[in-house]
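Residues per chain, in single letters:
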Amino acid sequence: MLPSFDRGIRLSKPRMVALGWAAMLFLLGCANIVWYGLPTFNSATLPVAGALLLLLDGLAVRDRSNQPLSLSGVVLLAVALISTPSTTLVLAAASGLCIRLGRLARSRYEDWARRALESGARSLGLALALPFIDDLGLWSKLCLLILSYIVVVQGARLIFALLWDGKQITLGTWQVSAPNIFSIEMLPLPLAAIGAQMAQSFPFNLVAISAAGLIGSAWMVQRASRSLGLQRRTVAELGQINAISRAIIRAELDVDSLCQLVFGEASKVVDTSNFRLGLFEGRFFELKVRVQDGHHEPPLRVEIPNDRGIVSWIRRTGRSLLVEDFETEMDRLPAQPTYQAEFPPRSGIYIPLMTGDEVLGTISIQSSEPRAFDTDDLRLLSLIADQAAVAIDKARAYSAARRRAAQLATIGEVSRQVTAILDLDRLLPSVVHRIRVSFGYSQVHLFTFDQLHQQLFFRASTASDSPFWQRQGKRLPLGLGIVGHVAVSGEPMLVNDVREEPRFLPDQPGIASELAVPMRVGQQLLGVLDVQSERYGAFDENDFFVVQTLADQIAIAIDSASVFQSQQEEAWVLNALLQSAENFAWVSEISEMLYLSVRLPALLVGCERALCLLWQRESNRWILAEGWGLTNEQRQSIGASATDEQVPWLVRMRSEGESFAAELVDLEQLSSAGLVPYTSYGAVLAQPLNSRGATLGVLLLEQCGTDETWLPRQVTIAAGIAGQAAAAIESALFAQIEAARQHIEQEISVAREIQMSLLPARLPQLEGWDSGAHWNLARQVGGDFYDFWQFRSGPSAGEMGFVIADVSDKGVPAALFMALSRSLVRGAALDGSPPSQAIERANRWIMRDSQSYMFVTLFYGIINPVTGRLRYTCAGHNPPLLYRAATGEIEQLRTPGIALGVIDDAVLGEAETTIELGDVLVCYTDGVTEAVDSTMDEWGVPRLMETIHQTAHADAATMLHAISSRLAAHTGDLPAFDDLTLVVIKRLASANQPV
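What counts, and at which threshold
The residue numbers shown here count from 1 along each chain, following its written sequence. This being a predicted model, a pLDDT of at least 70 is required before a residue's local features are given, and a value of 80 or more before pairs of side-chain atoms are given or counted; all residues contribute to the totals for chains, interfaces and linings. Side-chain figures throughout are based on the complete set of non-hydrogen atoms in the structure, without hydrogens or water. Only DSSP runs of H or I covering at least 4 residues are called helices, and only runs of E covering at least 2 are called strands; the numbering of each starts at the N terminus. Residue exposure (1.4 Å probe, protein chains only): buried if accessible area is under 20% of the type maximum, exposed if over 50%, otherwise partly exposed. Per-residue accessibility takes into account occlusion by the displayed protein chains alone, with areas from the Shrake-Rupley method and a 1.4 Å probe. We treat two strands as partners when DSSP finds at least two bridges between them. To get an axis, fit a line to the C-alpha atoms, keeping to the stretch in contact for a helix; angles then go from 0 to 180 degrees between the N-to-C directions. Any pair of residues with heavy atoms lying within 4.5 Å of one another is described as a contacting pair. Confidence scores here are pLDDT values: one per residue, from the predictor, ranging 0 to 100. Salt bridge criterion: a side-chain nitrogen from Lys or Arg within 4 Å of a carboxyl oxygen from Asp or Glu. Aromatic pairs are defined between Phe, Tyr and Trp rings, using the six-membered ring for Trp, whenever the two ring centres lie within 6.5 Å; interplanar angles under 30 degrees are classed as stacked, those over 60 as edge-to-face, and all others as tilted. Both a distance and an angle decide whether a charge sits over a ring: NZ of Lys or CZ of Arg must be within 6 Å of the ring centre and within 35 degrees of the ring normal. The patches described consist of residues with a relative accessible area above 30% and no salt bridge, like charges being joined within 9 Å and nonpolar side chains (Val, Leu, Ile, Met, Phe, Trp, Tyr) within 5 Å. Nonpolar core, defined: a set of buried Ala, Val, Leu, Ile, Met, Phe, Trp, Tyr and Cys residues in which side-chain atoms within 4.5 Å join the residues together. The span one expects for a helix is its residue count, reduced by one, times 1.5 Å. The directions from the helix axis to the C-beta atoms are what the arc is built from. The rule is simple: put a 1 Å grid over the protein atoms alone, call a set of points where a 1.4 Å probe fits but cannot get out a cavity, call an open set with protein on both sides within 12 Å along at least five of seven lines a pocket, and count a residue as lining if it has an atom within 4 Å of a point. Grid points are joined across faces, edges and corners, and a volume is the space filled by probe spheres set on the points. Each residue is assigned to one of three groups, with Ala, Val, Leu, Ile, Met, Phe, Trp, Tyr, Cys and Pro labelled nonpolar, Asp, Glu, Lys and Arg labelled charged, and all others, Gly among them, labelled polar. An angle below 35 degrees is treated as roughly parallel, one above 145 as roughly antiparallel, one from 65 to 115 as roughly perpendicular, and anything else as oblique. A clockwise turn of the near helix away from the far one marks a right-handed crossing, whereas an anticlockwise turn of less than a right angle marks a left-handed crossing. The term polar contact refers here to a pair of N or O atoms within 3.5 Å; inside protein, the definition further demands a hydrogen-donor-capable atom paired with an acceptor-capable atom, and it admits residues adjacent in sequence only when both atoms are side-chain atoms. Residues counted as positive are Lys and Arg, residues counted as negative are Asp and Glu, and His and the chain ends are not counted.

Caption draft 1: Seen up close, the overall build of the protein chain. Across its full length, the protein chain holds 28 helices and 30 strands. Here the protein chain, with 995 residues, has 49% of them falling under the buried criterion. Accessible area of the protein chain: about 47,300 Å², with a carbon and sulfur share of 56%.

Right, dumping it as structure tokens:
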């Protein structure tokens, strides 16, 4: 097939140079043939040798270097030795053009190039030697021909491969293929001399037998090469699939991450320059991964037709599709592509992602070259798709479960919120905002039903400043739009494509889907909850469940709030301070107490505006905490603050704790300081919020538009409300502080239990050995730890490792660092490495995983329980004391080294000694030797040595008890200043009794 030049040859510059290189060699070969002239056809050499060359090139071995390796060089050299140069060159050029490349040529251009290259290289390699062999002997001729042939042919192939495939690929494949090239093409070349002599001196039947043997050898080499190649490919594929399976299994249960992982793993086995991975969602197809010409493109969501297109066909049938060439196979394809492109692909693979009988999506790879993929690629990609489909299905199920759990949690939170807030003006905006944030809806609207005017009121929305609803006066007649229809019918309405719904009102730009649900209590309509999305097909059964449940909860809250407020209005008027006290007793949140402190005066005192100012001791500022009777614009000042210098009269009120009359309250100062969000004033009363002799804040009450003085009854009620509010606020603050304290204590107690669980539950019981440990913390948690373990395998099998360590700090930080250090040290040592290597490895892990700037000192040793040999390293720790029973002396075990966690490349020393029968090893932390008495005298190492001398004959438990008792006697009643840890290891004098 000729190239389609109207489509353009889209080749890289190095490949275009490779084409030129092949063409040049071909032209040089043709020039040599013209120079020597065409052969005469009465010679029997030309047809016989040509037929033999055709058979040998047909049996060529397909090597990893992407070159055909054959025994044709033997025939060409034999012909060169016995025939004319013109005959030799014609056979060389013709055999190169007729060589069968198969799938080694990945495109038509590479096919032409390799044939031209082989033809020109063969003829040129022989032509360079032919002029110089006339006067030489047979073997001299052969050596010159072999040298010229090998250099030109192999050199031309290598240069072409470097230009076509690049340096990295070429050097990698040729390095592996060099033995094959040498053994198949180069090593047999000397046989050409034998073939030439046989052709001249032996009968034709013997020559035919030799030729048959040569063909048989080529056939056997080809069969062996194919078998070996198939075996290697199978092993490689199994390894790749195993690695891919492990990667997918270990991946997180997130659909997007899995899709990216599948693309990455597929890139290891096939060319993914043009890659698509998409998942079905109803009638929509979401492309999670899109790669075009090696560039990643953003995800895309499209609507797919059910009756046409390859993707639709795969979804219906669940079958894979391999297209080697769209131009030749288009009429035979089970489905036609639906895309339009300037340069459509020439080949591709399309594979379903299936779990059971369900098609979750598709994976497709494409190429602009025909026959770019084969059945091996299809098989590998299918195996990846099977693994990916299972993982994606599990990720989807996990995501759905997590989403439902989040939905239920949010529903519960909204339910708690609506039952805690009694003011609908605060409740409803908070609810719609919470729904939008939690569930990701584009817009959330809440309409309440106006029973008197029989219409819906646009009560709360995430788009409250919508121009559409402003023009409508925030009112909607029944029956108009989707919301109005739901209010009339009393049934929910789900529209996943508003283009198909004539009742849709375009209140917000870009809305594609809408779900409206009525809010009812019994048969009474209270309103409509409406959610919208900018995606088509955005809502499903989960969204319907969520919105319906939320609507029911909000309806109950609205009904309860309305009833409660009306009842409270009457109760407060009749019972004043009694009801005020009950209300403060019912609430526990400070925000609700602040709200009551400004709401109750408006109802019971009769003021039109009320402000609550709180004194913040931490920042020494007054803050506007809550207000009543303010406009929406004025309410934005909630949270404003001012200093004592800005409002001097508040300083006097805070110090005296008495109420101020109107003439003593300077609201101008509050306004200029930004605390009062208005400028027109009436009769004002300032009432301090006093509790236990301290002023928490000030309650400002105002009768707008009047200069009348406050009645004593009003002042008394205001004082009572202020006192109740102050007591409630203080109690809530104390409750928060106490709850926080108890929570911290509980967490520290749990942390201590966890830390104790990290220590060995019991010490190792080794025949001929006795051991014990004592661990005491200065606080509830600390940084000391010790550990024991026995090696079951490795170079230290049968031996016992132990460690004692001290973190540089105390308390919770040290405990956390202790847990990290203990785990990393244990992990580094369990393979049985020598002590210094294991602890150096642990240091690198600690430096990598910790940014706390803390460090830990430790002593680590490995004891052979049979020989008593002790290998150890000391990383800046207090040197353990080794008591020698034979001499009564005590040795300090030291090695060079610093604490772990200080520098990355810490180098630790290592030493070795032997614990003889009766010897005792005592390991300790600095909390033992640095413990002080009331005169600040340290207990010290000498006292510890003295105690060891006096108790060395006893068992480990007795020695520990003696050391801790004498240490306690030294410190007396003083609390422990530092954590202390003791480990005693004693080698018994015999297997049955201590020394």
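After that view, the rundown keeps rolling.
Caption draft 2: Seen up close, the sheet that holds strand S23 (residues 800-807). Pairing is antiparallel across the open sheet formed by five strands, whose spatial order is S22-S23-S24-S25-S28. The open sheet terminates on both sides in strands that have one partner only, identified here as strand S22 (784-790) and strand S28 (911-914). Looking at each pair of strands side by side, their axes are set apart by 20° on average, direction ignored. Bridging between S23 and strand S24 (residues 856-863) involves eight bridges; their strand directions are antiparallel. Each residue of the ladder has a partner; that of Ala805, found in S24, is Leu858.

Caption draft 3: Layout of the sheet that holds strand S15 (residues 524-533). Strands sit in the order S12-S11-S10-S15-S14-S13 across an open sheet of six strands; the sheet is antiparallel. Looking at strand neighbours, the two that pair on one side only are strand S12 (475-477) and strand S13 (493-495), the edges of this open sheet. Neighbour-to-neighbour, the strand axes of the sheet open up by a mean angle of 25°, direction not taken into account. Alignment of strand S10 (residues 443-450) against strand S11 (residues 455-461), held across six bridges, turns out to be antiparallel. Its bridge partner lying in S11, His445 is registered against Ser461. Contacting S10, S11, S12, S13, strand S14 (513-521) and S15, helix H16 (residues 481-489) crosses the sheet at an angle of about 30° to S14.

Caption draft 4: Examining the confidence of the model for the protein chain more closely. Averaged over all residues, the pLDDT of the protein chain equals 76, while 74% of them reach at least 70. The low-confidence segment residues 1-10, where pLDDT is below 50, has 19 contacts with residues more than four positions distant or belonging to other chains. Confidence drops under pLDDT 50 across residues 569-573; counting only partners more than four residues distant or on other chains, this segment forms eleven contacts.

Caption draft 5: Geometry of the pattern of salt bridges. By the definition in use, this model includes 20 salt bridges. Between Glu702 and Arg609 there is a salt bridge whose closest N-O contact spans 3.3 Å. Remark: Arg609 occurs in strand S16 (residues 609-616) and Glu702 occurs in strand S20 (residues 694-703); sequence separation between them is 93 residues. Each member of the pair Glu702 and Arg609 is classed as buried. Three or more residues are tied together by salt bridges with common partners; here these are Asp256, Glu286, Lys288 and Arg301.

Caption draft 6: Here's a closer look at the packing of aromatic side chains. Applying the stated criterion across every chain, the model contains 14 aromatic pairs. Ring centres of Phe788 and Phe802 lie 6.2 Å apart, and the angle between their planes is 25°; this geometry places the pair in the stacked category. Taken together, the residues Phe788 in strand S22 and Phe802 in strand S23 connect sequence positions 14 residues apart. No difference in accessibility class separates Phe788 from Phe802, as the two residues are buried. An aromatic cluster of at least three residues, connected via ring pairs, comprises Tyr786, Phe788, Phe802, Phe859 and Tyr872. The cationic tip of Arg499 hangs over the ring face of Tyr536; the distance from NZ or CZ to the ring centre is 4.0 Å.

Caption draft 7: Layout of the pairing of strand S3 (residues 275-281). Of all seven residues in S3, six are buried; the element is thus mostly enclosed. Here S3 runs beside strand S4 (residues 284-292); their pairing, made up of seven bridges, is antiparallel. Following the sheet pairing, Leu279 is matched in S4 by Glu286. Joining the antiparallel neighbours S3 and S4 is a turn of two residues, in which Gly282 adopts a positive phi near 65°.

Caption draft 8: Inspection of a nonpolar patch on the surface at higher detail. A contiguous nonpolar surface patch, about 310 Å² in accessible area, is contributed by Phe855, Ile898, Val902 and Ile903. Turning to its location among the elements, Phe855 is positioned in the loop between helix H25 (835-849) and S24.

Caption draft 9: Local environment of unusual backbone geometry. With a phi angle near 65°, Met936 is a residue other than glycine that sits in the positive phi range. Secondary-structure assignment places Met936 in the loop between helix H26 (926-929) and helix H27 (940-951).

Caption draft 10: Spatial organisation of the nonpolar core. One finds Phe802, Leu858, Tyr860, Leu900 and Ile985 to be the most contacted residues of the largest nonpolar core, which totals 48 residues. With seven residues, the single largest contributor to this core is helix H24 (residues 811-829). Look past the residues within four positions of Tyr860 in its chain and what remains in contact with it is Trp789, Phe791, Gly801, Phe802, Val803, Ala829, Pro835, Ala838, Ile839, Arg871, Tyr872 and Thr873. Counting residues in each nonpolar core, the second largest holds 34 residues, with Phe584, Leu603, Ala726 and Ala728 among its members.

Caption draft 11: Examining helix H14 (residues 424-439) more closely. A rise of 1.5 Å per residue sets the reference length of H14, with its 16 residues, at 22 Å; its end C-alpha atoms lie 22 Å apart and thus fit the reference within 8%. Regarding H14, the residues found buried are Leu424, Leu427, Leu428, Val431, Val432, Ile435 and Phe439. Down the axis, H14 shows its buried residues gathered within 120° of arc, on one side only. Opposite the buried face of H14, by more than 90 degrees, sit the exposed residues Asp425, His433 and Val437. Trailing H14 by a residue or two, Gly440 shows a phi angle of about 75°, which is positive.

Caption draft 12: Fine view of the layout of surface pockets. The computed volume of the second largest pocket comes to approximately 1,100 Å³. Lining the second largest pocket are 37 residues, with Glu281, Arg396, Ser399, Arg403 and Asp540 positioned closest to its centre. Looking at the lining of the second largest pocket, the elements with two or more residues in it are helix H10 (255-266), S3, S4, strand S9 (358-367), helix H13 (375-420) and helix H17 (541-575). Residue classes in the lining of the second largest pocket are distributed as 13 nonpolar, seven polar and 17 charged.

Caption draft 13: Representation of the environment of Gly361 within the structure. Within the element layout of this structure, Gly361 appears in strand S9. With a relative accessible area of 0%, Gly361 lands in the buried category. Put simply, Gly361 and Ala389 are 28 residues apart on the chain and 8.3 Å apart in space, counted from C-alpha to C-alpha. With residues up to four places along the chain from it excluded, the contact list for Gly361 reads Gly278, Leu279, Phe280, Ile351, Pro352 and Leu353.

Caption draft 14: Up close: the packing of H27 against helix H28 (residues 956-971). The contact between H27 and H28 brings their axes to 10 Å, and the two run at 140°. Compared by their axis directions, H27 and H28 come out oblique. H27 and H28 meet at a crossing whose hand is right-handed. Residues Arg943, Leu944, Thr947, Ile948, Gln950 and Thr951 of H27 touch H28, and the partners they reach there are Met959, Ala962, Ile963, Arg966 and His970. Class assignment for the residues of the contact of H27 with H28 results in five nonpolar, four polar and two charged.

Caption draft 15: Structural context of the pairing of strand S29 (residues 920-924). Burial analysis of S29 places five of its five residues in the buried class, the great majority of the element. Side chains of S29 alternate between two faces, with Val920, Val922 and Tyr924 and Leu921 and Cys923 buried alike. Pairing of strand S26 (residues 881-883) with S29, which is carried by three bridges, proceeds in the antiparallel orientation. When the bridges of S29 are listed, Tyr883 appears paired with Val920. Examined bridge by bridge, S29 and strand S30 (residues 980-987) share five bridges and lie antiparallel to one another. Within S30, the position partnered with Val920 by the bridge is Lys986.

Caption draft 16: Geometry of the side chain of Ser367. Relative to the helices and strands, Ser367 is located in strand S9. On the basis of relative accessibility, which here comes to 12%, the residue Ser367 falls in the buried class. At 3.1 Å, the side chain of Ser367 and the backbone nitrogen of Glu369 are in polar contact. Residues within four places of Ser367 in sequence aside, it is in contact with Pro345, Arg346, Ser347, Ala372 and Phe373.

Caption draft 17: Summary view of the side chain of Glu329. Mapped onto the elements, Glu329 comes out in helix H12 (residues 326-329). The side chain of Glu329 sits in the buried core without any salt bridge; Arg332 is the nearest counter-charge, 4.7 Å away.

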